[in-house]
Amino acid sequence: MNDADTGLTQPVTGLRGVGARLAERLAKLGIRTVQDLVLHLPLRYEDRTRPQPIGSLLPGQSVLVQGEVMLTDLAGGGGRRRLLCRISDGTGSLTLVFFRLYPGLHARLSKGVQLACFGDVRPGPAGLQMAHPEIRVLHGGEPSAEEDRLTPVYPATDGVNQTTLRRLIEQAMQFVRAGLPDLLPDGLAGPGLPGLLEALETVHRPTPDCDIEAMQAGTHPACRRLALEELLAHQLSLRQFRYQARRERRAPVLRGDHRLRRQLIASLPFALTAAQQRVADQIGTDLARAEPMLRLVQGDVGSGKTVVAALAALQAVECGQQAAVMAPTELLAEQHYQGFRSWLEPLEVEVAWLSGKLPAAQRRTMLERIASADCGVVIGTHALFQDQVRFHRLGLAIIDEQHRFGVHQRLALREKGQDAEVQPHQMIMTATPIPRTLAMTAYADLDVSVIDELPPGRTPVTTVAIPDGRRGEVMARVAEACASGQQAYWVCTLIEESEQLQAQAAEDTVALLREALPTLRTGLVHGRMKSVEKEAVMADFAQGRLDLLVATTVIEVGVNVPNASLMVIENPERLGLAQLHQLRGRVGRGATSSSCVLLYQAPLTEGARARLGVLRRTTDGFEIARQDLAHRGPGELLGTRQTGDWQFRIADPERDADLLDGVRQVADRLLQQEPELADALIRRWVGQRQQYGRV
Ligand code: ADP
Ligand code: MG
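Residues numbered from 1 in each chain as written. Chains lettered and ligands numbered in written order. Predicted model: local features only at pLDDT ≥ 70, side-chain atom pairs only at ≥ 80, totals over all residues. Heavy atoms only, no water.

A.B. asks: Give a detailed account of the overall build of the protein, specifying residues and quantitative values.
C.D. replies: Looking only at helices and strands, the protein has 25 helices and 21 strands in total. Counting across all 695 residues of the protein, residues that qualify as buried make up 54%. Taking the contacts inside the protein whose residues are at least 6 apart along the sequence as the reference set, 76% of them involve residues at least 24 apart. (Helix = DSSP H or I, 4+ residues; strand = E, 2+ residues; numbered from the N terminus. Buried < 20%, exposed > 50% of the residue type's maximum accessible area, 1.4 Å probe, protein only. Contact = heavy atoms within 4.5 Å.)

This is how it looks when you write it as C-alpha cells:
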C-alpha cells in the first residue's frame, strides 16, 4: 500500500471544517497535508486525567483539581471588581479568581458545590490561586476525570487555536489508524522502540502513566522512533543525490604516477603532519576511482589545508587533467594564486588566474589559457563558474572555505565537466569545524575527512576582551609589539554588509592610528580597493615592510602572515563566534606567542558576554563551533542561505546523535537495494522541502 491509498497525502482541505482560510493559516505552521498534521507534534501536555490534591500544588503547574466551594465573594469595586471563590478538598484550599464576571457565575459557585477546575497555579495574596480556570460543576457520583488521555498542547498560530488543532489532528489520526505503512526497515529501530502507529498514538494521546518529562525532552521511545525515521528520511534525501550522481555520472580516473606530488613534498620546508598525510591519502584513493569524489575536508584554521589541496591538484595534472581552485573572496583567491604559483611553477605546472575584476583584455587571455592544454591549475573566485569559462579537461574542482558558498554554487561547478556524463571530482575545504552531528546531517551527500592536528610549533593565541574606553592602552600595546619586530592586524568591523561603509570605517581608523602611532608603518586593505592595490599592500605586510595592517573582515579567511602575532578586533560583540575564530586564526601562525584583543563597546549584552567568554577560554575550533551551534543554531555555521534546508520537525541531531551512525548505514543500504522505500520515506518526511541536493 502506498501513501496515496491511505489518504494521508491529500491536502488538509479534504478534512471536515477546513476551508481555504484555515488551510492558509495551517500552512504557516508548515501543515499542508493530512500527513503534516500527524507529524505536528505537541510542545507539552496538560494532565486533565485526574485531580491533584490541592495540598500538593506548586506555583507554575497547570492542573486539574476538584473541591468543594467554601466561600464565594465579590471583592474590589468599580473596574477592579472580581469574584473570589475558595475551594477545598481536605488536603488544602485554593482561591479561584474571576475578573470577567457573567450572569449566573456567582450562583454556580455557591457554597457546598463540588467543582472540577483546570488552570494555572500562581501565588496570590492569600496562598495559591487560579485565575479564570475552566470550571465544571460536578453532580453527585459523576467521575471526576475529564479525559482519559493527557491533553496535548501544540505549536499554534493566529487563528488556529488548540481546540482546532486537536480536532484536526484527531481526524488525521483516523487515516493513520486506517493504515499508515510502517516504512522503517527491519533492524534499524532495534528493540525497545515502538512501531510507527504506536509512536504517533503515544505522542498525540499519551496515557496518564506516560513519562511526560521524557516526552517533552524528546527522549521517550515514541519520540525517538519518530526522530529516527525523520533522520533516515533526511539522510536519504541528501544521499540519494549522491547515488544518482554515482549511477549517472562518471568521473575521470586520476591515478597519477606521483611524480609531481613527490617533487612538491620534497620542496616543502616542512614535513606533512600525520593528519595531512591521512587526508591526502583518502583523497588520492577517491581520485583514482571512476565515481565522482564528493569529499569535505575540515580542518581548523592553520591546519594546513592548502598543501593538501595542492597535492590533489597535482594528481589531476599528473593525469593530463586540470584542477580548479575556487576561493570565496578576491583576497583569498589572490593569495592562493601566489601560493600555488610558488609551489607549482618550479614543477613546470602552469597556474592561471581568473577573477571577476580582471580587465577585459586580460580576462580574454586568461579564458584562452584556461581552455588550453598547457594550463594545469586554475585559481579564482566564483567567476570560475560563469558560463563563458571553458576548461580544457577539468578533472577536479576544489572549493575553499565552503561555508561562504551556497550549496547551489557548489553544484554549479560540478557542471563544468567535459560533458554531461563526465563530471569532475569535487573536494570542499572548510575551516569552520562543523560538529560531526551537524556534518552528518547538513553534508550528508559528502564524505568527510578531518585534519585534526595543527603543524608542530604553534603556540596558542591568548585572547583578552577590553572595553573601548581603554583604546589608548591597546594602541600602546600595538606600538610596543611592533617596536619589538612583531606585526599586528587591526580589524574594523561593521554590522552593515556594505563594503563602502566598512571601507570608510577602516579609512577613518587608519588615519587615527597613523596620527597616534607615527613611528609605525601602517597599511590599509579593504574590499573596495583594486586588486593590484590590495595585493601590493598584502605583499608589503607579508614581507615585513609594514608593521600594522588595518583591515576590514576581507582578511577573515585564508590570509597567512606567520610573523603577525597581535590582532585587535573592533566591535567583536557584533560578530558570530565562527567569524571571530576565523579572524583570530590570522595570528598564532608562527613561533612567537600571539594575542588577540577583543576591543568591545561597553556595555555588553548577556549573550555577547557569553560569546566573547567562549573565545577567551578556548582556541579549539570544534569547541567554538559547538558553542556557536548551541547559541545561534546551524545558520551561523552553515551560512544563512542554507539553514532552511535542515529544519527538522522532531529530530535534533545533537540530542539524537547516537542514532546517526545506524541511520547512515541503513540509508546507504536502502538507496542501493530498496530505492522505492527510500522514495516513500523522503516523500513522507521531506516532501516539497527537498530542494537541496537536487540539480
Ligand atoms: P589553512 O588550513 O588555514 O588553510 P594553510 O594551508 O594556510 O592553513 O597553512 C597555514 C600555514 O601552515 C602555512 O604557512 C603553511 O605553509 C603552513 N603549514 C602547512 N602544513 C604544515 C606542516 N605540516 N608543518 C608546518 N607548517 C605547515
Ligand atoms: Mg586556508
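A.B. asks: I'd like a description of the packing of helix α9 (residues 259-267) against helix α11 (residues 305-318), backed by residues and values.
C.D. replies: Where α9 contacts α11, the axes come no closer than 8 Å and their chain directions differ by 150 degrees. For α9 against α11, the interelement crossing comes out right-handed. Residues Arg-259, Leu-260, Arg-261, Leu-264 and Ile-265 of α9 lie in contact with α11, whose contacting residues are Ala-310, Leu-311, Leu-314, Gln-315, Val-317 and Glu-318. Within the contact of α9 with α11, the residues separate by chemical class into seven nonpolar, one polar and three charged. (Axes fitted to C-alpha atoms, helices over the stretch in contact; angles between N-to-C directions. Left-handed = near helix turned anticlockwise from the far one by under 90°. Nonpolar A, V, L, I, M, F, W, Y, C, P; charged D, E, K, R; others polar.)

A.B. asks: Could you give an account of the packing of aromatic side chains, with specific residues and numbers?
C.D. replies: A complete count under the given rule lists three aromatic pairs for this structure. On the basis of an interplanar angle of 20 degrees and a centroid distance of 5.4 Å, the ring pair of Tyr-337 and Trp-353 is categorised as stacked. Residue Tyr-337 is found in helix α12 (residues 330-344), and its partner Trp-353 is found in strand β11 (residues 350-354); the two are separated by 16 residues along the sequence. Grouping residues by exposure puts Tyr-337 and Trp-353 together as buried. Between the NZ or CZ atom of Arg-48 and the centre of the ring of Phe-118, over which it lies, the distance is 3.9 Å. (Phe/Tyr/Trp six-rings, centres within 6.5 Å; stacked < 30°, edge-to-face > 60°. Lys NZ or Arg CZ within 6 Å of the ring centre and 35° of its normal.)

A.B. asks: Talk me through the environment of Thr-33; I want residue IDs and the actual numbers.
C.D. replies: Checked against the element boundaries, Thr-33 lands in the loop between α2 (20-28) and α3 (34-38). Dropping the residues within four chain positions of it, Thr-33 is found in contact with Leu-8, Thr-9, Gln-10, Pro-11 and Val-12.

A.B. asks: Any details on the pairing of strand β17 (residues 487-491)? Residues and values, ideally.
C.D. replies: Across a regular strand the side chains alternate sides, sitting on one face of the sheet and then on the other. Within β17, five of the five residues are buried, which leaves it mostly tucked inside the rest of the structure. Burial along β17 is two-sided: the residues Gln-487, Tyr-489 and Val-491 and Ala-488 and Trp-490 are all buried. Summarising the sheet, β17 and strand β19 (residues 548-551) pair through four bridges and their orientation is parallel. Following the sheet pairing, Ala-488 is matched in β19 by Leu-548. (Pairing = 2+ DSSP bridges.)

A.B. asks: Requested: an account of the confidence of the model for the protein, with residues and values cited.
C.D. replies: The predicted model of the protein averages 85 in pLDDT, with 88% of residues at 70 or higher. Here residues 636-645 scores under 50 on pLDDT; set against residues more than four positions off or in separate chains, the count is 35 contacts. A low-confidence stretch, residues 690-695 (pLDDT under 50), is modelled with 20 contacts involving residues beyond four sequence positions or located in other chains. (pLDDT = per-residue confidence, 0-100.)

A.B. asks: Break down the site of ligand 1 for me, citing the residues and quoting the values.
C.D. replies: Neighbouring ligand 1 are 16 residues, the closest being Gly-302, Lys-305, Thr-306, Arg-458 and Asn-560. Within the backbone of Thr-273, a nitrogen or oxygen atom sits 3.5 Å from a nitrogen atom of ligand 1. A distance of 3.0 Å separates an oxygen atom of ligand 1 from a polar atom in the backbone of Gly-304. Contact with the protein chains covers 86% of the free accessible surface of ligand 1, which is 560 Å². Among the residues making up the shell around ligand 1, the classes are represented as five nonpolar, seven polar and four charged. (Near = heavy atom within 4 Å. Polar contact = N/O pair within 3.5 Å; in protein donor to acceptor, adjacent residues only side chain to side chain. Areas by Shrake-Rupley, 256 points an atom, 1.4 Å probe, with all protein chains shown as cover.)

A.B. asks: Go over the pattern of salt bridges, please, and point to the residues and values.
C.D. replies: Two side chains that carry opposite charge are able to pair once their charged atoms sit near each other. Tallying each qualifying case throughout the model produces 27 salt bridges. Ionic pairing is found between Asp-668 and Arg-239, a salt bridge with its closest N-O pair at 3.0 Å. One end of the pair, Asp-668, is in helix α24 (residues 660-673); the other, Arg-239, is in helix α8 (residues 221-248), with 429 residues separating them in the sequence. For Asp-668, a relative accessible area of 18% translates into the label buried. Measuring nitrogen to oxygen at the nearest pair gives 2.8 Å for the salt bridge that ties Asp-468 to Arg-471. The exposure class of Arg-471 is partly exposed, given its relative accessible area of 22%. (Salt bridge = Lys/Arg side-chain N within 4 Å of Asp/Glu carboxyl O.)

A.B. asks: Tell me about the sheet that holds strand β10 (residues 322-326), residues and numbers included.
C.D. replies: Read from one edge to the other, the open sheet built from seven strands follows the order β11-β12-β10-β13-β14-β9-β15, with strand pairing classed as parallel. Strand pairing shows two members of the sheet lacking a second neighbour, β11 and β15 (447-451), which therefore form its edges. Adjacent strand axes in the sheet meet at a mean angle of 20 degrees, parallel and antiparallel pairs treated alike. Here five bridges tie β10 to strand β13 (residues 394-400), and the two strands are oriented parallel to one another. In the sheet register, Ala-324 faces β13, and the bridge partner there is Ala-397. Across the sheet, α11 touches β9 (294-299), β10, β12 (375-380), β13, β14 (425-430) and β15, and the angle it forms with β14 is around 170 degrees. Seen against the sheet, helix α13 (residues 360-370) touches β10, β11 and β12 and runs at an angle of roughly 135 degrees to β11.

A.B. asks: So, unusual backbone geometry: which residues are in play, and what are the values?
C.D. replies: Trans is the prevailing form of peptide bonds, just as negative phi is the prevailing case for residues other than glycine. In this chain, Ala-602 is followed by Pro-603 through a cis amide linkage whose omega measures -10 degrees. For Pro-603, the position within the fold is in the loop between β21 (595-600) and α20 (606-617). In the Ramachandran plot, His-258 falls in the positive-phi region, its phi being about 70 degrees despite a non-glycine side chain. Along the chain, His-258 turns up in the loop between α8 and α9.

A.B. asks: An account of the pairing of strand β20 (residues 564-570) is requested, with residue identities and associated values reported.
C.D. replies: Burial of β20 is extensive: seven of the seven residues sit out of reach of the surface. Looking at chain direction, β17 and β20 are connected through five bridges and run parallel. In the strand pairing of β20, Ala-488 is matched with Leu-566. Note: β20 against β21, five bridges, orientation parallel. Bridge pairing in β21 links Ile-569 to Leu-598. Between the parallel elements β20 and β21, the chain passes through helix α19 (residues 577-584) in a crossover that is right-handed. (Right-handed = clockwise from strand over helix to strand, strands pointing away.)

A.B. asks: How would you summarise α11 if you had to cite specific residues and measurements?
C.D. replies: Compared with the 20 Å implied by 1.5 Å per residue over 14 residues, the 20 Å span of α11 between its first and last C-alpha is a close match. A large share of α11 lies buried, amounting to 13 of its 14 residues. Positive phi shows up at Gly-320, right after α11, with a value of about 75 degrees. (Expected span 1.5 Å × (residues − 1).)

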